[in-house]
Structures are given as C-alpha cells and as structure tokens.
Protein chains: 2
Amino acid sequence: MIRVVIADDHRLLLEGLSQALDSLPDISVVATAEDGASLLEQVRTTSPDVLLVDIEMPDIDGIEALRRLGGAPPAVVVTMHAGEDQRRRAIEADARGFLSKSSPLPDLAAAVRAVAAGENLMDVDDLGSVLDHHRQPVLDEGAAALTEREREVLRLLAAGVTSTDELADRLFISGKTVKNHLASIYEKLAITDRAQAAVEAIRLGLHHPD
Amino acid sequence: MIRVVIADDHRLLLEGLSQALDSLPDISVVATAEDGASLLEQVRTTSPDVLLVDIEMPDIDGIEALRRLGGAPPAVVVTMHAGEDQRRRAIEADARGFLSKSSPLPDLAAAVRAVAAGENLMDVDDLGSVLDHHRQPVLDEGAAALTEREREVLRLLAAGVTSTDELADRLFISGKTVKNHLASIYEKLAITDRAQAAVEAIRLGLHHPD
DNA sequence: CGATATATGGGTCTGTCGGCCTATTGGCAC
DNA sequence: GTGCCAATAGGCCGACAGACCCATATATCG
C-alpha cells in the first residue's frame, strides 16, 4: 500500500483527488494539507511514501516546502502552469515527478506508483511509456493471482448478483462451476463468503468495467 | 438520482470531482467536458439535471456556454478566482450557484443538491445555512428508513464482518438479533442476502464513519 | 394513555452455501 | 509429449443463512 500525502490550497481539487486516489486498491491517502506549513507537519507525523504537491500555495509554496524536506519522501509536483520555468524549479527542489493539472487522473496514479517504486520521472524523455508501466494497480499477491473468469464473477457480485443460479445464468455456466470459481476466489483472497468477496471486488475497483 | 454534467479543462479536477461526486449515493455524473463546446454537446445528448461548470475554459468559457444554454439545466459555477466580477458574470449567465475552488467538497455536493431541488443560491445572503439543509444525501425511501442499529450492521458488513457470530460479538447482541436486523435491512433495501447488503452499504457510503 | 417504533430475544424449517473430492477438456510452456 | 493451469462439471454433506412465526422491554409521540 502506497501511503500518500496531498497538498493543494484548492480544497475541491484536494478532496477530489484524495478520494479518487484513495479509492485505488494500492494507494492510501494518509493526510492532506492546504498549505506548505501544514504539509511539513503532516509529513513529520505520518511519514508517507510519496508526496503530491501543488506548486501554487499561500505562504510556503510547494517548491519551498519540498526544498525544506530535502527530497526525503519522493514527491510528485502538480501545477496549473506547466512551463519550463516551473519545471526547472521542481527539479531544483528535488521533485521526482512533474505533472500539469490538465493530465488525466490515471497518469497521476501511474506517476505516484512510479515514484513510489523509486523511479525519477524528471530524467526520462519518454514520460508516456514509463507511466504505461505503472498503469496497473500494484495488487497484493492474492488479487494478482485472480483469473479473468474469477474477476467476472467478482464484477457480478459487486453489481449485486449474488445467488448461484443468477451468476450461472449471467455467465452461461452451471451452478457447480460458479461455486468452483467462488471457492478459488475465497482461497486467493483469504476470505470465506460472497459478502466478503463483494467487498473485495469493490475495493479492487472491479465494479465499473475498466 | 441527480444527473450531473461537469465541465472543467483541468482534467485532474474534472476526473477527481467526477469520481468523488459519483461515489455519493444520490448523485450520478453522466458526462464530463473539457471545454465549452463539448459541454453544449453533452448537455444536448444526456439532458442532465444539474451542470457543474468552471468559468476558466478555452474557446467557449463557462459563462458563455451557460449563456447559450439559457439557464436550461440549472448550473453551479465553480471558479478559481471568486471575485465580485466573476460573480456578476455568473448571475448574468443565469447560474444558480457560485462556488470557489477553495470550497470543501461537501459544500459542492450540497450546492448541487440545492440547485437540483430548484433553489437559487445566488439570491440567498446566508449561503452556509442553505447548504446545511442539503448536507445529507437524498437517500431513496428504503435507505432513509434504516435505523441506527441497522446502519451499524451494514457498516460491519462493509468492513468484511459477515458471519452471524462475529457480527453478534461485535455488536454485543445475540445471533438471533443480528438475523432480525438483517431481515429488516433486506426488506427496507429490497435485497435478499448479506452480499447484496455489503454492496449497498458501500454504495451508501457507510464504510467510513461519517 | 394508547399507538407505534426500536432493540432485544426465541423457535423452526427449508434452502443454499461453502468445503472437499474427483473428472474432462483445451491451451500453453518447457 | 509431458506437465501445468484455467474452465468446465458433478457428487456429497454439514453448517449456516434467510423466511416466517412469535414475545418482551423501552421509548417516543400524539
């Protein structure tokens, strides 16, 4: 689980991103900050794995905050105006990633994962392909071992299709096979019943088709 | 269910807000737009109940887009710089709500609900108290009828506590009572088992304590 | 005061779920 | 080709879940 702290003075963006990232199965937003000072404080108390910092903030701006942290937790810088100027300042402040606020959300998630894995996105020339390597959430052992058919069963569970018969109908297989799939899901996710499977399915983001 | 279209050229905000609002049980984001032209198109094809529009957008800005729509679906205007100037322009474009991007997310949700209910937030002098009236999600009949104890059961289900015995232990009641609570939950939510109850619990936002 | 709602508890019964074992087919890898 | 895995399917059984009946105490409301 990648523990992230987000700093941005615009609360709509702060809280929106926070919820969106938190909903990913491998990312946990442990704190948020609306200014640089609060960011420094949160980093001290929560010791996160990655920082997500807006440049434009009152008092201590994102760059200054990162400078004071000395590149300790690796940081992804987000900015409204992604010019060369800002980019240079980000590099000087030891940022590992640099994204415009016009980037799509999956890119941000990928950047967080890349930086958490120790990569430095400021060096690379082909940002897109590096991010591509980190598009998939880092799932825990069990979840990664799920087969495609098992994921389909989980998707249906998350959609409220819970009885063996209806699952069988939707998947065009026998009830016995449904139970077999469920049994291997239980084993892989270390759970015991459909209710827990439904919870896991939603946590893994299987409810809306990727 | 309040059907919303969101327009903002900063995709991180657009997608973040979209996910956050969509996760509320009474709000559904049916489309998003990155510019005014696309907004006009989405409004035509999806006929939403409420618009959420950023002022600052390339080509056709939010104000101009609203003007062209003639106040048809009521709109909440969101802006980076919430000055008197912007506010006047929003009023002239027939906006029903006006929020800064520094507002907290629950305020945005409350504004969307208020506007969907026909209120005009531009008139009121005490915005806070009007929003307070719309803090709670507009739950459907069944979900609103849930008792406090029933919500606790749902919370535990969403946390993966699914067996009768463990539920009984956590709630300090007998297994029989757990089953009684579940039975009335099934009736109120028109569902049939714990797996569906877990799905509903998460959909209703019962997994993280309010 | 009487009615209603909530939380608690019980009993019974049927159906289904989950655990365990086996089996066949097809694909893919070494 | 031999082995492994995914997907399919069946049987068996014990345990639990859900439906349907009930009772009691407390509290709130008109």
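Residues numbered from 1 in each chain as written. Chains lettered and ligands numbered in written order. Predicted model: local features only at pLDDT ≥ 70, side-chain atom pairs only at ≥ 80, totals over all residues. Heavy atoms only, no water.

**Re the interface of chain B and chain A**
One widely used convention gives an interface's size as the accessible area the parts lose upon coming together. Our working rule: Here a residue-residue contact requires only that any non-hydrogen atoms of the pair lie within 4.5 Å. Accessible-area loss on putting two parts together, using a 1.4 Å probe and summing over both, is the definition of buried area adopted here.
Listed by partner, the interface residues are 32 residues for chain B and 32 residues for chain A. For the pair chain B and chain A, the summed buried area comes to about 2600 Å², and 67% of that belongs to carbon and sulfur atoms.

**A closer look at the pattern of salt bridges**
To keep things clear, this is the line we draw: By salt bridge we mean one thing: a side-chain nitrogen of Lys or Arg within 4 Å of a carboxyl oxygen of Asp or Glu. Under the scheme used here, helices are H or I runs from DSSP no shorter than 4 residues and strands are E runs no shorter than 2 residues, and both carry numbers assigned from the N terminus. A 1.4 Å probe rolled over the protein chains alone gives each residue an accessible area, and that area as a share of the maximum for its type sets the label: buried under 20%, exposed over 50%, partly exposed in between.
Applying the stated criterion to the full structure yields 34 salt bridges over all chains. The partner of Arg67(B) in a salt bridge is Glu64(B), and the shortest N-O contact between them spans 3.7 Å. With a gap of three residues between them, Arg67(B) and Glu64(B) both fall in helix H3 (residues 62–69), about one helical turn apart. Measuring nitrogen to oxygen at the nearest pair gives 3.0 Å for the salt bridge that ties Arg155(B) to Glu148(B). Residue Arg155(B) is classed as partly exposed on the basis of its relative accessible area, which comes to 23%. Judged by its relative accessible area of 49%, Glu148(B) is partly exposed. Through salt bridges with shared partners, a single ionic network connects Asp8(A), Asp54(A) and Lys101(A).

**What to know about the protein's contact with DNA strand C**
What counts, and what does not: Residues are classed as near a molecule or strand on a simple rule: at least one heavy atom within 4 Å of it. A 3.5 Å cut-off defines polar contacts: any pair of N or O atoms within that distance qualifies, except that in protein one atom must be a possible hydrogen donor and the other a possible acceptor, and neighbouring residues in sequence count only when both atoms are side-chain atoms.
With respect to spatial proximity, 16 residues lie near DNA strand C, and among them Thr164(A), Arg194(A), Thr147(B), Ser174(B) and Asn180(B) are the closest. Backbone sugar and phosphate groups make up 70% of those atoms of DNA strand C lying within 4 Å of the protein. Between a base nitrogen of DNA strand C and a side-chain N or O atom of Lys179(A), the distance comes to 3.0 Å. His181(B) is positioned such that a nitrogen or oxygen atom in its side chain is 2.8 Å from a phosphate oxygen of DNA strand C. Elements with a minimum of two residues in the surface near DNA strand C: helix H10 (175–189) of chain A together with helix H8 (148–158) and helix H10 (175–189) of chain B. Take the surface near DNA strand C: its biggest share by element is four residues, from H10(B).

**As for the relation of the copies chain B and chain A**
So the rule is basically this: A residue counts toward the fit only if its pLDDT is at least 70 in both copies, and the copies are then superposed by least squares on the C-alpha atoms of those residues.
At an RMSD of 0.1 Å, chain B and chain A line up after a rotation of 180 degrees and a shift of 0.1 Å along the axis. Such values leave the two copies arranged in the relation of a two-fold axis. Of the C-alpha atoms belonging to chain B, the one lying closest to the rotation axis is found on Ala195(B), 1.8 Å away. Taken as a fraction of all interface residues of chain B, those also at the interface in chain A reach 100%, which identifies the copy contact as same-surface.

**Focus: the side chain of Arg151(B)**
All names here are of chain B. Note the cut-off: In summary, the charge assignment counts Lys and Arg as positive and Asp and Glu as negative, without counting His or the chain termini.
Within the fold, Arg151 resides in helix H8. Buried charged residue Arg151 carries no salt bridge. Nearest counter-charge: Glu148, at 4.2 Å. Among the polar contacts made by the side chain of Arg151, one reaches the main-chain carbonyl oxygen of Leu146 at a distance of 3.4 Å.

**As for the sheet that holds strand E1 (residues 2–7) of chain B**
All names here are of chain B. We count it as follows: Note: two strands are recorded as paired if DSSP finds a minimum of 2 bridges between them. Angular values range over 0 to 180 degrees, each being the angle between N-to-C directions of two axes fitted as lines to C-alpha atoms, with helices fitted over their stretch in contact.
Strands sit in the order E2-E1-E3-E4-E5 across an open sheet of five strands; the sheet is parallel. Two strands lie at the open edges of the sheet, namely strand E2 (27–33) and strand E5 (97–100), each paired on one side alone. Neighbour-to-neighbour, the strand axes of the sheet open up by a mean angle of 20 degrees, direction not taken into account. Relative to strand E4 (residues 75–79), strand E3 (residues 50–54) runs parallel, the two being bridged by four bridges. The residue of E4 that forms the bridge with Asp54 is Val78. The strands touched by H3 within the sheet are E3 and E4, with E3 carrying the most contacts at an inclination of about 150 degrees.

**What about helix H2 (residues 36–46) of chain A?**
All names here are of chain A. Put simply, the rule is: What the arc describes is the spread of directions from the helix axis to the C-beta atoms.
Those residues of H2 not exposed but buried are Gly36, Leu39, Leu40, Val43 and Thr46. Across the axial projection of H2, the buried residues extend over an arc of 155 degrees, all falling on one side. H2 presents Arg44 and Thr45 as exposed residues on the side facing more than 90 degrees away from its buried surface. Those residues of H2 that are buried lie in contact with strand E1 (2–7), strand E2 (27–33), strand E3 (50–54) and helix H3 (62–69). Note on H2: the residue one or two positions beyond its end, Ser47, has a positive phi of about 35 degrees.

**A word on the nonpolar core**
To keep things clear, this is the line we draw: Only buried residues count toward a nonpolar core. Its members are Ala, Val, Leu, Ile, Met, Phe, Trp, Tyr and Cys residues joined through side-chain atoms within 4.5 Å.
Among the nonpolar cores identified, the biggest contains 54 residues, and Leu52(A), Leu108(A), Leu52(B) and Leu108(B) are the most heavily contacted of them. Formed by 48 residues, the second largest nonpolar core is a distinct cluster that contains Val161(A), Leu154(B), Ala168(B) and Ile191(B).

**Observations concerning the protein's contact with DNA strand D**
Around DNA strand D lies a shell of 16 residues, among which Thr147(A), Ser174(A), Asn180(A), His181(A) and Arg194(B) are the nearest. When the atoms of DNA strand D within 4 Å of the protein are grouped by moiety, sugar and phosphate amount to 68% of the total. At 2.5 Å, a backbone N or O of Ser174(A) approaches a phosphate oxygen of DNA strand D. For DNA strand D, a phosphate oxygen lies 2.6 Å from a polar atom in the side chain of His181(A).

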